[in-house]
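# Structure at a glance
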Amino acid sequence: MRNGFLALICVFGLGGCATLPRSAPPTSGDAAVIAAAINHLVADLRRSDGVPAGAVRYDARVVRSRPLPPDARGVTSIVYDLTVERGRAEAAAVRALARAEAGNLDEARVCPSESLRTCTLREAVAVFATGDPVASGESVQVIVKAMWLSNLVKQPVQDGVFLVTLQPRGNGWEAVSTRTLVIS
């Protein structure tokens, strides 16, 4: 990964913000990093939240973080927007490596009534979108926005944003840590 612009990533509850070098435009190696982050989260969510076997979907739009203006108490929040779509070749490579189908986070949740208990995901057990990989020393970090089926009866569809840190291992990438940025 080549370093370029600077990206500001804020992790609440962990001491504030850190400035990390943002990777240059995505390369073919970025698909492997992104897929490794998704595969790690799928396995983690299956263990922790009981995500069942089934189709995983990948939304090719890029997740970007941006701060909101401070509220009345002076607290600044970060939102994670879905922006431009990745190129077809890169999106296809991510889907192949993550064993995922094409998906759309905005259209994934289906709720037949106003009760959260009735919600499910459209033809999937989980849907993911990611930011561009960001180099941080020997590691690479990827922001992953996710929606998944959980074993919670009161709210069976969960949403979250995670920061996955990966390091090169052999011919691939291995997740070494995951931080929860947002759960809703």
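Attention here is on the structure that accompanies the text. (Residues numbered from 1 in each chain as written. Predicted model: local features only at pLDDT ≥ 70, side-chain atom pairs only at ≥ 80, totals over all residues. Heavy atoms only, no water.)

### Some details on the environment of V62
Considering the arrangement of structural elements, one finds V62 in strand β3 (residues 56-67). Taking the C-alpha atoms as reference, V62 lies 6.6 Å from A129; in sequence the two are 67 residues apart. Apart from residues lying up to four places away in sequence, V62 is in contact with D81, L82, T83, V84, R86, T130, G131 and D132. (Helix = DSSP H or I, 4+ residues; strand = E, 2+ residues; numbered from the N terminus. Contact = heavy atoms within 4.5 Å.)

### Focus: the pattern of salt bridges
Within this structure, the stated rule accounts for 12 salt bridges. A salt bridge links R61 to D59; its shortest N-O distance comes to 2.7 Å. With a relative accessible area of 15%, R61 lands in the buried category. For R109, the salt bridge identified is with D159, shortest N-O distance 2.4 Å. In this pair, R109 is assigned in strand β6 (residues 109-110) and D159 in strand β11 (residues 157-169), connecting sequence segments 50 residues apart. (Salt bridge = Lys/Arg side-chain N within 4 Å of Asp/Glu carboxyl O. Buried < 20%, exposed > 50% of the residue type's maximum accessible area, 1.4 Å probe, protein only.)

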